[in-house]
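Inside the fold
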Amino acid sequence: MPLEKNQKLQFFIPDFESDIQIAYSHEMVSAGFPSPANDFLETKIDLNKELSKNPLATFYVKVKGDSMINSGINDKDVLIVDRSLEPNDNKIAVCFIDGEFTVKRIKLDKNCLYLMPENKNYQPIKITEDNQFVIWGIVTYVIKAV
């Protein structure tokens, strides 16, 4: 099954030498009833360092397409991908198949591997020995615009 031709991923390497830090409040924000502000306790955070457990194996990937919308991954989201993590059943991975990159959920079924979209408009991709295939990395975070 050919990959969706509109699925393109754009790769970026995190800048761990960056001095850019963003104001960060350790206090949780209530999604229910409002809570007291506790004087707006504030420190600084570097998202490159905070969201990367394995800096030498971490990349950012910008998504193009809608095949993963039901997993919360939308067009233009930025994925944080760790190449050092072991791929397992049900993990979301960036994969290289037959010359193209795609992001899909890994599904192991008996002696078969599938790349599962999270959108009913797309079909699963069955991986066979005829495919050129590599699981490139595991998605650890999704950064979204609202």
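It should be noted that the structure appears before, not after, this text.
Everything numeric here is computed off the predicted structure, so don't read it as measured data. (Residues numbered from 1 in each chain as written. Predicted model: local features only at pLDDT ≥ 70, side-chain atom pairs only at ≥ 80, totals over all residues. Heavy atoms only, no water.)

Focus: the overall build of the protein
- Secondary structure assignment for the protein yields 1 helix and 10 strands.
- Within the protein, the fraction of its 146 residues that count as buried is 35%.
- Of the contacts made within the protein by residues no fewer than 6 positions apart, 62% connect residues no fewer than 24 positions apart.
- Summed over its atoms, the accessible surface of the protein is roughly 9800 Å², and 54% of this surface lies on carbon and sulfur atoms. (Helix = DSSP H or I, 4+ residues; strand = E, 2+ residues; numbered from the N terminus. Buried < 20%, exposed > 50% of the residue type's maximum accessible area, 1.4 Å probe, protein only. Contact = heavy atoms within 4.5 Å. Areas by Shrake-Rupley, 256 points an atom, 1.4 Å probe, with all protein chains shown as cover.)

Points about the packing of aromatic side chains
- In total, this model carries 3 aromatic pairs according to the counting rule given.
- Aromatic pair Phe-59 and Trp-136: ring centres 5.2 Å apart, planes at 55°, arrangement tilted. With a gap of 77 residues between them, Phe-59 in strand 4 (residues 58-64) and Trp-136 in strand 10 (residues 133-143) connect regions that are remote in the sequence.
- The buried category is assigned to Phe-59, whose relative accessible area is 18%.
- Exposure remark for Trp-136: the relative accessible area of 13% places this residue in the buried category.
- Pairing Phe-101 with Trp-136 gives two aromatic rings, centres 5.8 Å apart and planes at 85°, and the pair type is edge-to-face. (Phe/Tyr/Trp six-rings, centres within 6.5 Å; stacked < 30°, edge-to-face > 60°.)

Some points on the side chain of Arg-105
- Here Arg-105 shows up in strand 7 (residues 100-109).
- Here Arg-105 falls in the buried class, since its relative accessible area comes to 18%.
- Engagement of the side chain of Arg-105 in a polar contact is seen with the backbone oxygen of Asn-90, the distance being 2.6 Å.
- Once residues within four sequence positions are removed from consideration, Arg-105 is found in contact with Met-68, Ser-71, Asn-90, Lys-91, Ile-92, Tyr-114, Leu-115, Met-116 and Glu-118. (Polar contact = N/O pair within 3.5 Å; in protein donor to acceptor, adjacent residues only side chain to side chain.)

Brief notes about the environment of Leu-56
- Residue position: Leu-56 is located in the loop between helix 1 (47-50) and strand 4.
- Sequence separation between Leu-56 and Asp-82 is 26 residues; the distance between their C-alpha atoms is 8.9 Å.

A closer look at unusual backbone geometry
- Of note in this structure, Asp-98 is not a glycine but carries a positive phi near 50°.
- Mapping Asp-98 onto the fold places it in the loop between strand 6 (92-97) and strand 7.
- Of the residues examined, Asp-98 reaches a relative accessible area of 43% and is grouped as partly exposed.
- Here the phi dihedral of Lys-110 falls at roughly 55°; this positive angle occurs in a residue that is not glycine.
- Inspection of the secondary structure assignment puts Lys-110 in the loop between strand 7 and strand 8 (112-116).
- Judged by relative accessible area, which is 83%, Lys-110 ranks as exposed.

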